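Close look at the chain arrangement
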Amino acid sequence: MKDSAAYTPPKVWVWDKPNGGKFASTNRPVAGPTHQQALPVGRHPLQLYSLATPNGQKITIMLEELLALGHTGAEYDAWLIRIGKGDQFGSGFVGVNPNSKIPAMVDRSGPQPVRVFESGAILIHLAEKFGVLLPQAGAARAECLSWLFWQVGSAPYLGGGFGHFYAYAPVKIEYAINRYAMEVKRQLDVLDRRLADHEYLVGDDYTIADIAVFPWYGGLVEGWQYGAAEFLSVRDYVHVRRWAEAILQRPAVVRGLMVNRTAGDPSQQLRERHDASDFDTKTQDKL
Ligand SMILES: N[C@@H](CCC(=O)N[C@@H](CS)C(=O)NCC(=O)O)C(=O)O
């Protein structure tokens, strides 16, 4: 292994310089708002404040699935939060999510608005509200919640660990890349073994567990994440690929992936979604 530059941590860490990484301009060691900025509110019961990162895509896929199932109460406005520009530190956003991360949602369908943050909590809130995509009881519910929390606990090793050190860090550190590549391959193998003899993560039915895992690990085996498909030999995970390709056939998933998207093919970018017809009329290629 090659040596990294010698560094001895000081006795007390102080924030005296930006770290130079891709997100250096928005990283801070303190929480709370940096500026006053109210959030817009649209006409639908559900107000989503997000961006089409994998964590954001979980929620737009879920909302599109609910609408496809005929739950009109899942109509939503999806507002764009540009995390690279620091929108997550506006006072209105911090009021909805004190952790300053997308996705965040306000459910305005009842007498009082209900805020929900953390993508896993939003998925459970929506599944329980509409009584779908989360088994109601017993072993199937436990299995579904287990895979959902597996995703919430595992993806930071993929994004914050592997993705950060492989794609974004200003220096390539062999130790860090090796450590996280090993962990991500182990996680892919966990999924591959499960999906070898189960159609979906819980069993025969597609659930919020699949919706949570797909944008991260499905994206990885489809080659969307970090340009790392070859490096991680993702083609080896044949069962994860079979599962990801089946999920990609779902029209609600195709729509969900388009919402709040700000990069890539303009015909696949629907930066804000306020009506079902926006998919036909408001993608970037048509504006
Ligand atoms: N555990 C959170 C993670 C959310 C998260 O990390 N969001 C990222 C984008 S994928 C974000 O908003 N980053 C902005 C920042 O860190 O300032 C969830 O699942 O909702």
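Look up: the structure comes first, before these words.
Values in this document were obtained by computation on a predicted structure and should not be read as measured data.

**Looking at the sheet that holds strand S1 (residues 46–50)**
- Read across the open sheet, the 4 strands follow the order S2-S1-S3-S4; overall the sheet is mixed. Edge strands, defined here as strands with exactly one partner in the open sheet, are strand S2 (76–80) and strand S4 (114–117). Looking at each pair of strands side by side, their axes are set apart by 20 degrees on average, direction ignored.
- Sheet topology places strand S3 (residues 104–107) next to S4; 4 bridges connect them, and they run antiparallel.

**Some thoughts on helix H1 (residues 54–68)**
- Taking 1.5 Å per residue as the helical rise, H1 with its 15 residues ought to reach 21 Å, and the 21 Å between its terminal C-alpha atoms agrees with that figure.
- Two residues or fewer past H1, Gly70 is found with a positive phi of approximately 95 degrees.

**Considerations on helix H4 (residues 138–168)**
- For H4, with 31 residues, the first-to-last C-alpha span of 42 Å sits near the 45 Å given by 1.5 Å per residue.
- Of all bends in H4, the biggest is about 35 degrees, found at Phe162.
- Within the span of H4, buried status applies to Cys144, Trp147, Leu148, Gln151, Ser154, Ala155, Leu158, Gly159, Phe162, Gly163, Phe165 and Tyr166.
- Check the buried side of H4 and you find it contacts helix H3 (119–130), helix H5 (174–196) and helix H6 (208–221).

**Focus: the nonpolar core**
- Ranked by size, the top nonpolar core spans 68 residues in total, and within it Met62, Leu123, Ile208, Ala209, Val213 and Val240 carry the most contacts.
- In terms of residue count, the dominant contributor to this core is H6 (10 residues).
- Beyond its immediate stretch of four places on either side in the chain, Ile208 contacts Met62, Leu123, Ala127, Leu133, Leu134, Cys144 and Leu148.

Analysis parameters
Residues numbered from 1 in each chain as written. Predicted model: local features only at pLDDT ≥ 70, side-chain atom pairs only at ≥ 80, totals over all residues. Pairing = 2+ DSSP bridges. Helix = DSSP H or I, 4+ residues; strand = E, 2+ residues; numbered from the N terminus. Axes fitted to C-alpha atoms, helices over the stretch in contact; angles between N-to-C directions. Expected span 1.5 Å × (residues − 1). Bend = angle between axes of the 7 residues up to and from the residue. Buried ≥ 20, exposed ≤ 12 C-beta atoms within 10 Å, placed from the backbone. Contact = placed C-beta atoms within 7 Å. Core = buried A, V, L, I, M, F, W, Y, C linked by C-beta atoms within 7 Å.

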